[in-house]
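Architecture and fold: a report
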Amino acid sequence: GWAAAMLAGAALAAPASAQERTPPYWASIDASRAIMRRGPSQDMRAMWEYRRPGLPVRVIAIHDDWCQVEEPDGTRGWMHRSLLSGRRTAIVTGTAPQPVRAAARADAAIAYRAAPGVVAHLLGCADGWCDVDLGNSRRGYISVDAIWGD
């Protein structure tokens, strides 16, 4: 898995009803420890363990209380719905830091640079740009081509 080894602490939020929508849709991991399983059951073999709340996933199917999710590298597996949130996030892609601009334009001033693997909260996307919150009062616009989760 693309993020199985990424570790970061964060407070747990109350589970949201990420499974009430019709797939496919975006969600994010909402637990400090989330297991991706081979099938929709606690009895199914664990494939990956995620320890970074906020990571984006794409929900592609639902079976009872289980969501089949896909991660950026295409890996698919099942997570219990209580591990997911409907809160939209995205992860910075590429091999170099990506510009986060002061406005949703390619010629706008660069406010920050976000390293690959940084998770941002999506506040909205339009016309090829996403309004992102990087935490610590850092907000700006990043190209949809520089993230996964839009």
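Residues numbered from 1 in each chain as written. Predicted model: local features only at pLDDT ≥ 70, side-chain atom pairs only at ≥ 80, totals over all residues. Heavy atoms only, no water.

The next point concerns the overall build of the chain. Along the backbone of the chain there are 0 helices and 14 strands. Order of helices (α) and strands (β) in the chain, N terminus to C terminus: β-β-β-β-β-β-β-β-β-β-β-β-β-β. Burial analysis of the chain (150 residues in total) assigns 40% to the buried set. Long-range contacts, defined as pairs at least 24 residues apart, comprise 55% of the intrachain contacts of the chain with a sequence gap of at least 6. Total accessible area computed for the chain in this model is approximately 7700 Å², and 47% of it derives from carbon and sulfur atoms. (Helix = DSSP H or I, 4+ residues; strand = E, 2+ residues; numbered from the N terminus. Buried < 20%, exposed > 50% of the residue type's maximum accessible area, 1.4 Å probe, protein only. Contact = heavy atoms within 4.5 Å. Areas by Shrake-Rupley, 256 points an atom, 1.4 Å probe, with all protein chains shown as cover.)

With 19 residues, the main nonpolar core has Ile29, Tyr50, Val59, Val69, Met79 and Leu84 as its most contacted residues. The element that contributes the greatest number of residues to this core is strand E1 (residues 25–29), accounting for 4 residues. Excluding anything up to four places from it in sequence, Ile29 contacts Ala34, Tyr50, Arg52, Pro53, Gly54, Leu55, Val57, Met79, Leu83 and Leu84. Formed by 12 residues, the second largest nonpolar core is a distinct cluster that contains Ala120, Leu122, Cys130 and Leu134. (Core = buried A, V, L, I, M, F, W, Y, C linked by side-chain atoms within 4.5 Å.)

Time to look at the pairing of strand E5 (residues 66–70). The buried fraction of E5 amounts to 4 of the 5 residues, a majority that puts the element mostly inside the structure. Counting the residues between successive antiparallel strands, the hairpin from strand E4 (residues 56–63) to E5 contains 2 residues, one of them, Asp64, with a positive phi of roughly 55°. Pairing between E5 and strand E6 (residues 76–80): 5 bridges, direction antiparallel. Bridge pairing in E6 places Glu70 opposite Arg76. Turn length for the E5-E6 hairpin, with the two strands adjacent in sequence and antiparallel, is 5 residues, and the turn residue Gly74 shows positive phi of about 95°. (Pairing = 2+ DSSP bridges.)

Turning to the side chain of Arg101, a few remarks are in order. With respect to the element layout, Arg101 can be found in strand E9 (residues 98–101). A distance of 3.4 Å separates a polar atom in the side chain of Arg101 from the backbone oxygen of Ala106. Polar contacts involving the side chain of Arg101 include one to the main-chain carbonyl oxygen of Ala108, which spans 2.7 Å. Among all residues touching Arg101, those that are not within four sequence positions of it are Ala106, Ala108, Ala109, Ile110, Ala111, Trp129, Gly140 and Tyr141. (Polar contact = N/O pair within 3.5 Å; in protein donor to acceptor, adjacent residues only side chain to side chain.)

Looking now at the state of the cysteines. What the rule picks out here adds up to 1 disulfide. The disulfide that involves Cys125 links it to Cys130, with 2.0 Å between the sulfurs. With the S-S dihedral at roughly 105°, the linkage between Cys125 and Cys130 falls on the right-handed side. (Disulfide = S-S within 2.5 Å.)

Excluding glycine, a negative phi dihedral is what most residues carry, and trans is how most peptide bonds are arranged. Across the junction of Pro23 and Pro24, the peptide omega takes the value 0°, indicating a cis bond. In this structure, Pro24 sits in the segment before E1. Of note, the phi angle at Asp64 is positive, near 55°, even though the residue is not glycine. Note on Asp64: relative accessible area 63%, which makes it exposed. Within the chain, Ser137 stands out as a residue other than glycine whose phi angle is a positive 60°. Counting through the fold element by element, Ser137 comes out in the loop between strand E12 (129–135) and strand E13 (138–143).

It is worth spelling out the environment of Val144 at this point. Residue placement: Val144 occurs in the loop between E13 and strand E14 (147–148). When the C-alpha atoms of Val144 and Cys130 are compared, they prove to be 6.3 Å apart, with 14 residues separating the residues in sequence.

Keep in mind these numbers describe shape, not what the thing actually does.
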